Amino acid sequence: MSDSKLNFTSLKISVGSRVQFYFSGQTNGNKHFKIQGQTDEPLNETGLAQAELVGQALKDIEFNQAFSSDLSRAKVTCQKIIEANEASVTIQETKLIREKSFGQAENMHYVQFAYLTMIRNQTLPLNYVPTDGECKDDLRQRAKLFIQDMLCKNVANFSTNPQQILIVSHGEFLTHFFYVLSHDFQCSFTTNERDVMSKRPPNTSWCQVEVILSNSEIQNVNCIQTWNVEHLKALKSTVCSMP
């Protein structure tokens, strides 16, 4: 069977496909520097505007499939993109790509969380695992399951026509998603691309990678576009996201 190509960009056998990844829009939790995690808070006014802008920026891409986290801020962002795109696709919601769970620390102010990690002798706040929260290995396991059990298998069901695939998820999850792509699969990211993709992206930024499949298995991964925020210049200001 011939190879297939997929591109990820929020979010990739004989099929050539592009997968777009997007990071969901802003919420009031982001605005007030709170740890959200899996708390299901809706987009605020800025978040809705960001979702509209990214939808317009990508309206000419004809998506064939769409995946979203089951949290509302990701679902609404995904819906805005699909509406602008006028694509006749059903959004597939999955808990596998929802944000990291911060357990009992959810809704805690980021400064308070950073202090808590300091007194627990953690050098980096996001390395600290609160009670009932997820560790980095939990996130990476979810990412790997999504890639193998949903993404690759869905692509394998299509014909030889090229596919455009949309994926909308969350910042902390996506940093670990790309860690899995670059470490667990054959990845051709440059040192600079690995560095950029390892950092948390701004709200509704998007990126694109090409994934080469053969017999439903990933053979190679190439970075096409690191996190892009050009569409957000229409807003007077944007707030750096919190998890």
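Residues numbered from 1 in each chain as written. Predicted model: local features only at pLDDT ≥ 70, side-chain atom pairs only at ≥ 80, totals over all residues. Heavy atoms only, no water.

Every α-helix carries 3.6 residues per turn, so stepping three or four residues along brings you back to the same face. Of all the residues in helix α4 (residues 110-119), the buried ones are Phe-113, Leu-116 and Thr-117. Taken end-on, α4 shows its buried residues confined to a sector of 95°, consistent with a single buried face. Of the exposed residues in α4, the ones pointing more than 90 degrees away from its buried face are Val-111, Tyr-115 and Met-118. (Buried < 20%, exposed > 50% of the residue type's maximum accessible area, 1.4 Å probe, protein only. Helix = DSSP H or I, 4+ residues; strand = E, 2+ residues; numbered from the N terminus. Arc of directions from axis to C-beta.)

Considering only enclosed or pocket space, the largest pocket measures out at about 380 Å³ in volume. Lining the largest pocket are 20 residues, with Arg-140, Glu-172, Thr-175, His-176 and Ser-198 positioned closest to its centre. Looking at the lining of the largest pocket, the elements that each hand over two or more residues are α5 (136-156), α6 (171-184) and α7 (191-197). Per-element tally for the lining of the largest pocket: the top contributor is α6, with 7 residues. (1 Å grid on protein atoms, 1.4 Å probe; cavity = no way out; pocket = protein on both sides within 12 Å on 5 of 7 lines; lining within 4 Å. Points joined across faces, edges and corners; volume = space filled by probe spheres on them.)

Further remarks concern the pairing of strand β5 (residues 163-169). Successive side chains on a regular strand alternate, one facing one side of the sheet and the next facing the other. When you tally the buried positions in β5, you get 7 out of 7 residues, the bulk of the element. When strand β3 (residues 65-69) meets β5, the two strands line up parallel, connected through 4 bridges. Bridging from a neighbouring strand, Ser-68 pairs with Val-168 of β5. (Pairing = 2+ DSSP bridges.)

Locating Arg-194 in the fold gives a position in helix α7. Exposure remark for Arg-194: the relative accessible area of 32% places this residue in the partly exposed category. The spacing of Arg-194 and Ser-182 is 12 residues in sequence and 7.6 Å in space, taken between C-alpha atoms. Leave out the neighbours within four places in its chain, and Arg-194 touches Ser-182, His-183, Cys-187 and Phe-189. (Contact = heavy atoms within 4.5 Å.)

This part is about the packing of aromatic side chains. Enumeration according to the criterion identifies 7 aromatic pairs in this entry. Summarising the aromatic geometry, the rings of Phe-146 and Phe-177 are spaced 6.3 Å apart at their centres and angled 55° between planes, so their arrangement reads as tilted. You can see Phe-146 sitting in helix α5 and its partner Phe-177 sitting in helix α6, a full 31 residues away along the chain. Summarising the burial analysis for this pair, Phe-146 and Phe-177 share the class buried. (Phe/Tyr/Trp six-rings, centres within 6.5 Å; stacked < 30°, edge-to-face > 60°.)

Turning next to the environment of Val-209. Here Val-209 is to be found in strand β6 (residues 206-214). With a relative accessible area of 0%, Val-209 lands in the buried category. Along the chain, Val-209 and Val-221 lie 12 residues apart, while their C-alpha atoms are 6.8 Å from each other.

With that out of the way, let us pick up the pattern of salt bridges. Tallying each qualifying case throughout the model produces 9 salt bridges. Salt-bridge contacts for Lys-199 lead to Asp-195; the nearest nitrogen and oxygen are separated by 2.8 Å. Among the residues examined, Asp-195 registers a relative accessible area of 39% and is labelled partly exposed. (Salt bridge = Lys/Arg side-chain N within 4 Å of Asp/Glu carboxyl O.)

This part covers the nonpolar core. As a rule of thumb, nonpolar side chains are buried together in soluble globular proteins. Counting 29 residues, the largest nonpolar core has Phe-177, Phe-178, Leu-181 and Ile-218 as its most contacted members. Of all elements in the fold, only α5, β5, α6, β6 and β7 (217-228) reach the threshold of two or more residues within this core. Listed in part, the 14 residues of the second largest apolar core include Phe-63, Ala-87, Leu-166 and Val-168. (Core = buried A, V, L, I, M, F, W, Y, C linked by side-chain atoms within 4.5 Å.)

Inspection of the secondary structure puts Lys-100 in the loop between β4 (91-94) and α4. Salt bridges are absent for the buried Lys-100, whose nearest opposite-charge side chain, Glu-172, sits at 4.6 Å. With residues near it in sequence (within four places) discarded, Lys-100 still touches Gly-37, Gln-38, Glu-106, Leu-126, Tyr-128, Glu-134, Leu-139, Arg-142 and Glu-172. (Lys, Arg positive; Asp, Glu negative; His and termini not counted.)

Further remarks concern the confidence of the model for the chain. Reading fine detail from the predicted coordinates is not recommended where pLDDT is low. Taken over all residues, the pLDDT of the chain has a mean of 81, while the share at 70 or more is 83%. The weakest mean pLDDT in the chain belongs to strand β1 (residues 4-8) at 42; the strongest belongs to β4 at 95. Overall, residues 1-16 carries pLDDT values under 50, and its contacts beyond four positions in sequence, including any with other chains, amount to 113 contacts. (pLDDT = per-residue confidence, 0-100.)

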